[in-house]
Amino acid sequence: MKIVLIAGARPNFMKIAPIIRAINKHNAQLKQKSKRIEPFLIHTGQHYDYEMSQIFFEELKLPQPDIHLGIGSGTHAEQTGKTIIEVEKVLLQEKPDLVIVVGDVNATLAGALAAVKLHIPVAHVEAGLRSFDRRMPEEINRLLTDAISDYLFTPSPDGNDNLKNEGIPEGKIFLVGDVMVDSLLHNQDKAAQRRIVSQLGLKKGKYSLLTLHRPDNVDEKENLTKITLALKEISQRIPVIFPCHPRTRKSINQFGLSDFFKVIEGDNPHNLNNNAVHLVNPRGYLDFMQLMMNSKFTMTDSGGIQEETTVLDIPCLTLRDTTERPITITEGTNVLVGNDTHKIVTEAIKILDGKWKKGTRPHLWDGKAAERIIEILSK
Ligand code: UD1
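Residues numbered from 1 in each chain as written. Predicted model: local features only at pLDDT ≥ 70, side-chain atom pairs only at ≥ 80, totals over all residues. Heavy atoms only, no water.

**Focus on the site of the ligand**
What surrounds the ligand is a group of 20 residues, the closest being H47, D49, E138, R247 and K250. Between Q46 and the ligand, the recorded distance is 2.9 Å, taken from a side-chain N or O atom to an oxygen atom. A total of 740 Å² of accessible area belongs to the ligand in isolation, and the protein chains cover 89% of it. Of all the elements in the fold, those that place two or more residues in the shell around the ligand are α1 (10-28), α3 (76-94), α5 (137-148) and α11 (246-254). If one sorts the elements of the shell around the ligand by residue count, α11 sits on top with three residues. (Near = heavy atom within 4 Å. Polar contact = N/O pair within 3.5 Å; in protein donor to acceptor, adjacent residues only side chain to side chain. Areas by Shrake-Rupley, 256 points an atom, 1.4 Å probe, with all protein chains shown as cover. Helix = DSSP H or I, 4+ residues; strand = E, 2+ residues; numbered from the N terminus.)

**As for the domain arrangement of the chain**
Once the domains are mapped, the chain shows domain 1 (2-178 + 365-377) and domain 2 (189-352). The gap between the C-alpha centroids of domain 1 and domain 2 is 27 Å. Each partner contributes residues to the interface: domain 1 has 26 residues there, and domain 2 has 23 residues. Between domain 1 and domain 2 lies a buried interface of about 2,000 Å² when both sides are counted; carbon and sulfur atoms form 56% of it. On the domain 1 side of the interface with domain 2, the three residues burying the most area are E51, E59 and W365, jointly 28% of the side's total. Taken together, domain 1 and domain 2 are joined by five salt bridges. The residue R135 makes a salt bridge to D216 at a minimum N-O spacing of 2.6 Å. In this structure, the connection of domain 1 to domain 2 is made through six residue pairs in polar contact (both at pLDDT 80 or more). Elements that contribute at least two residues to the side of domain 1 that touches domain 2 include exactly α1, α2 (54-59), α5 and α6 (157-165). Of the residues belonging to the side of domain 1 that touches domain 2, the class tally is nine nonpolar, three polar and 14 charged. (Domains from an automatic or database assignment. Contact = heavy atoms within 4.5 Å. Buried area = accessible area lost by both parts, 1.4 Å probe. Salt bridge = Lys/Arg side-chain N within 4 Å of Asp/Glu carboxyl O. Nonpolar A, V, L, I, M, F, W, Y, C, P; charged D, E, K, R; others polar.)

Structural data, given as structure tokens:
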């Protein structure tokens, strides 16, 4: 059985890694050669900077892609369109039995579309998540990918409910847990051994970690300004460390907001244990995890970080009005604060004052989701 796996952007890599590990484990335990799974990894090249892509391959011990399509940046139509064209060529040549796509980025939808039109079955890992906000490009990618996939692997029961409500036959839906948590648990010890917290002069539980890159938050001056004002206030109580996405870095400069941030260039040790919002380069997987594990709380508009903080039991303020991961609110440590300056500050103060809920880890977020997926696919 030949399986093509498609990855393109930063949040794909930690979802693909446990699937490839599970394939290797499956092959190693096989008695019959005919049941062997042959993986073929396509990197679409949606993300291309070293710290957005290659560092994840190194740290997650991912094999180098069998092919790199070099798609790069562009409008949604350019990026998605070019990816469909290039993935189709590879699929025609490789003739796989199945294509696996993960998450909700443009590479996910493009890969699924290219495959389904060639009548190649598609498995979507992280299916069924819905923010019910169609202004988010990811929501469109989720809806469309799920509509054309043959196997829908969901991380939590809300995913099953959403898919059933959209009329997807139950036989296609499999609740398997969260592959992102597989990566987190697999790499937690390694992350704990990193030195980034001490290198930056930080102390456990004495700083806040921030990520920000959603177009709604960073592409409009008014919204980014509202968030920036909240950050300035919070940083008077606790240092804020901000590994900054390239999209956001551009907006900060363009909107004249750089004075609110202390820009730290390079990777040399610094003493960031002071009251400012410290803007640093995007970090690799392990350094970022160490920063998250040791933070007092994390502020983010990412999807995956809402899950990771729930597993690590770190308070999370999500700078969005909606989430496609409601279980991180009902069972985890997450609270939605949007981009409202007052609300962000108020909730941050609650955490600083020790008034925060204790989370529990959702069912099947146990590090074995990818193994369940491969077991189902190899039947
Ligand atoms: C994409 C995903 C988003 C995911 C995010 C994680 C879609 C629709 N969005 O958003 O779901 O949460 O990745 O990072 O697929 N850039 C660089 N270097 C890079 C990559 C991007 O400088 O390696 C800059 C470019 O200016 C580019 C911009 O970032 O135009 C946006 O990149 P893009 O991949 O279009 O979207 P993200 O905002 O990264």
